Amino acid sequence: MADTIAETVDLLYTIDQDQLTPDQQIALGSALAALAQAERLEQINEQLRGIHQVLNTWALRATVDGR
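Residues numbered from 1 in each chain as written. Predicted model: local features only at pLDDT ≥ 70, side-chain atom pairs only at ≥ 80, totals over all residues. Heavy atoms only, no water.

Enquirer: Lay out the overall build of the chain in plain terms, naming residues and giving numbers.
Expert: Looking only at helices and strands, one finds 2 helices and 0 strands in the chain. Across its three principal axes, the chain shows a C-alpha extent of roughly 70 × 15 × 10 Å. Per-residue burial for the chain yields a buried fraction of 9% across its 67 residues. Positive and negative side-chain charges in the chain, numbering 4 and 10 respectively, have mean positions lying 25 Å apart. (Helix = DSSP H or I, 4+ residues; strand = E, 2+ residues; numbered from the N terminus. Buried < 20%, exposed > 50% of the residue type's maximum accessible area, 1.4 Å probe, protein only. Lys, Arg positive; Asp, Glu negative; His and termini not counted. Charge placed at Lys NZ, Arg CZ, Asp CG, Glu CD.)

Enquirer: Any details on the nonpolar core? Residues and values, ideally.
Expert: With 5 residues, the main nonpolar core is built from Ile5, Val9, Leu12, Leu28 and Leu35. Counting residues per element, the ones that place at least two in this core are helix 1 (2-13) and helix 2 (22-66). Beyond its immediate stretch of four places on either side in the chain, isoleucine 5 contacts Leu35, Ala38, Glu39 and Glu42. (Core = buried A, V, L, I, M, F, W, Y, C linked by side-chain atoms within 4.5 Å. Contact = heavy atoms within 4.5 Å.)

Enquirer: Can you tell me about the pattern of salt bridges, naming the residues and giving the values?
Expert: According to the stated counting rule, one finds 1 salt bridge in the structure shown. In this structure, glutamate 46 and arginine 49 form a salt bridge, with 2.2 Å as the shortest nitrogen-oxygen distance. Residue glutamate 46 and its partner arginine 49 are both found in helix 2; the two are separated by 3 residues, about one turn of the helix. (Salt bridge = Lys/Arg side-chain N within 4 Å of Asp/Glu carboxyl O.)

Enquirer: I'd like a rundown of helix 2, residues and numbers included.
Expert: Here helix 2 is 45 residues long and its end C-alpha atoms lie 65 Å apart, about the 66 Å a rise of 1.5 Å per residue gives. Those residues of helix 2 not exposed but buried are Leu28, Leu35 and Glu42. (Expected span 1.5 Å × (residues − 1).)

Enquirer: Account for a nonpolar patch on the surface, with residues named and values stated.
Expert: Side chains of Leu41, Ile44, Leu48, Ile51, Val54, Leu55 and Trp58 sit close together on the surface and give an oily, nonpolar patch of about 680 Å² of accessible area. Among the structural elements, isoleucine 51 can be located in helix 2. Here isoleucine 51 falls in the partly exposed class, since its relative accessible area comes to 47%. (Patch = residues over 30% accessible without salt bridge, like charges linked within 9 Å, V, L, I, M, F, W, Y side chains within 5 Å. Areas by Shrake-Rupley, 256 points an atom, 1.4 Å probe, with all protein chains shown as cover.)

Enquirer: Residue-level account of the environment of glycine 66, with values.
Expert: Summarising the element assignment, glycine 66 is placed in helix 2. Separated by 54 residues in sequence, glycine 66 and leucine 12 have C-alpha atoms that sit 54 Å apart.

Enquirer: So what about the environment of arginine 61? Which residues, and what values?
Expert: Among the structural elements, arginine 61 can be located in helix 2. Spatially, the C-alpha atom of arginine 61 lies 23 Å from that of glutamate 46, the residues being 15 residues apart in sequence.

This is how it looks when you write it as structure tokens:
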């Protein structure tokens, strides 16, 4: 997903905003806002994966130590 976000960022920033109609400028602004949200969600997802790994490790250790 990160590659797709990076590619989309590159594409969006190559657009010449001076050539856009007001409606296109609004659409571009909306696209940039959605992209920022997607980037934030990806960061949250990465953090959750890390937490999940830690919790799984703890659970496995508890199971092994409990035997």
